[in-house]
Amino acid sequence: MSLAESWERYAVGSKPRRAVNAKGDATWLNWTQYADHGPDEGVLGAVAGRRVLELGSGSGSNLAHLVTLGATGRGVDVAPAREAGAVERWGHLPGLEFRTAEATAFLRETGETFDVVLSIFGAVWFVDPDILLPLIRSRLAPGGMLAFSHLPPGGRGPRPAGAGPRYDRTPDEWRRILTGHGFSGVGVSVIDPPEGRTVGTMLVRASA
Ligand SMILES: C[S@@+](CC[C@H](N)C(=O)[O-])C[C@H]1O[C@@H](n2cnc3c(N)ncnc32)[C@H](O)[C@@H]1O
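What comes next is a walk through the structure. Bear in mind that the values here come from a model prediction, so they are computed numbers and not experimental data. (Residues numbered from 1 in each chain as written. Predicted model: local features only at pLDDT ≥ 70, side-chain atom pairs only at ≥ 80, totals over all residues. Heavy atoms only, no water.)

## Observations regarding the nonpolar core
Working step 1: Counting 32 residues, the largest nonpolar core has Trp31, Leu44, Val52, Leu66, Leu96 and Leu118 as its most contacted members.
Working step 2: Looking at this core, the elements with two or more residues in it are helix H1 (3-12), helix H2 (61-68), helix H3 (80-90), strand S3 (96-100), strand S4 (114-120), helix H5 (123-126) and strand S5 (140-150).
Working step 3: In terms of residue count, H2 provides more of this core than any other element does, four residues in total.
Working step 4: Beyond its immediate chain neighbours, meaning those up to four positions away, Leu96 contacts Leu63, Ala64, Val67, Gly73 and Trp90. (Core = buried A, V, L, I, M, F, W, Y, C linked by side-chain atoms within 4.5 Å. Buried < 20%, exposed > 50% of the residue type's maximum accessible area, 1.4 Å probe, protein only. Helix = DSSP H or I, 4+ residues; strand = E, 2+ residues; numbered from the N terminus. Contact = heavy atoms within 4.5 Å.)

## With respect to the layout of surface pockets
Working step 1: Taken as a whole, the largest pocket encloses approximately 1,500 Å³ of empty space.
Working step 2: Taken together, 45 residues line the largest pocket, and the ones lying closest to its centre are Tyr10, Ser14, Gly58, Ser59 and Arg82.
Working step 3: Every element with two or more residues in the lining of the largest pocket is listed here: H1, H2, strand S2 (72-77), H3 and H5.
Working step 4: When grouped by side-chain class, the residues that make up the lining of the largest pocket number 23 nonpolar, 14 polar and eight charged.
Working step 5: If you add up the space inside the second largest pocket, you get close to 220 Å³.
Working step 6: Looking at the second largest pocket, it is lined by 15 residues, and the ones nearest its centre are Asn21, Lys23, Trp28, Leu29 and Asp40.
Working step 7: Looking at the lining of the second largest pocket, its residues break down into four nonpolar, six polar and five charged. (1 Å grid on protein atoms, 1.4 Å probe; cavity = no way out; pocket = protein on both sides within 12 Å on 5 of 7 lines; lining within 4 Å. Points joined across faces, edges and corners; volume = space filled by probe spheres on them. Nonpolar A, V, L, I, M, F, W, Y, C, P; charged D, E, K, R; others polar.)

## A few points about the pairing of S2
Working step 1: Among the six residues that make up S2, five are buried, leaving the element largely enclosed by the rest of the structure.
Working step 2: Sheet topology places strand S1 (residues 51-55) next to S2; five bridges connect them, and they run parallel. Paired with Leu53 across the bridge in S2 is Arg74.
Working step 3: Regarding the hand of the β-α-β motif, the stretch spanning S2, H3 and S3 is right-handed. (Pairing = 2+ DSSP bridges. Right-handed = clockwise from strand over helix to strand, strands pointing away.)

The following block contains the structure:
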């Protein structure tokens with residue numbers, strides 16, 4: 001099974017995001033695996049006027065939220081069903097585009113640059129960082145930011161058959177890997193889980 005086929009199968013089995021969150025908002029950004037939990041898009045600073053690329057954009061809902069705040073958004077996902085679903089739900093938003101592509105292939109081919117590269121349980125978790133990070137850095141505008149989240153090492157969670165390895169890394173490993181690839185201001189934190197749950201969420205930020 002190819003990478004795209006594996007993730008396509010996963011996409012078809014995924015539940016769509018709710019129409020509104022607990023606060024009654026129709027769009028929102030969630031870094032964690034828990035609904036209505038953790039920090040919001042404030043982690044990125046102001047996004048109005050910034051060009052945001054999401055690698056492994058899934059339903060497109062996190063990116064759509066940033067576009068409602070004035071960003072322009074480009075969502076890239078290897079599974080064709082993701083582009084179709086995201087366009088159906090969010091295609092009406094101006095300044096937001098989705099494309100079916102493998103993340104490294106997209107980064108190699110695109111002539112665009114971005115102010116923010118985002119990946120929420122997305123491609124940054126599933127592609128060898130020694131291959132992906134230099135490509136991301138080459139497409140970030142000066143001062144641009146990479147921000148991503150995933151489970152702490154050892155956590156259960158998405159690992160579709162045929163999708164290859166998952167690059168679980170500890171906070172110290174991410175600091176070393178990102179710094180080694182020329183990123184600066186690396187910040188790694190683990191967001192506490194909600195009450196009654198044991199697994200937190202790793203949140204990583206770095207500047208180009
Ligand atoms: C666990 S899902 C997370 C989706 C979304 N970011 C979210 O928070 O709901 C991982 C997503 O990354 C995509 N993906 C995995 N590896 C990828 C790659 N190498 N290039 C592009 N997309 C990839 C998958 O198709 C899937 O939609």
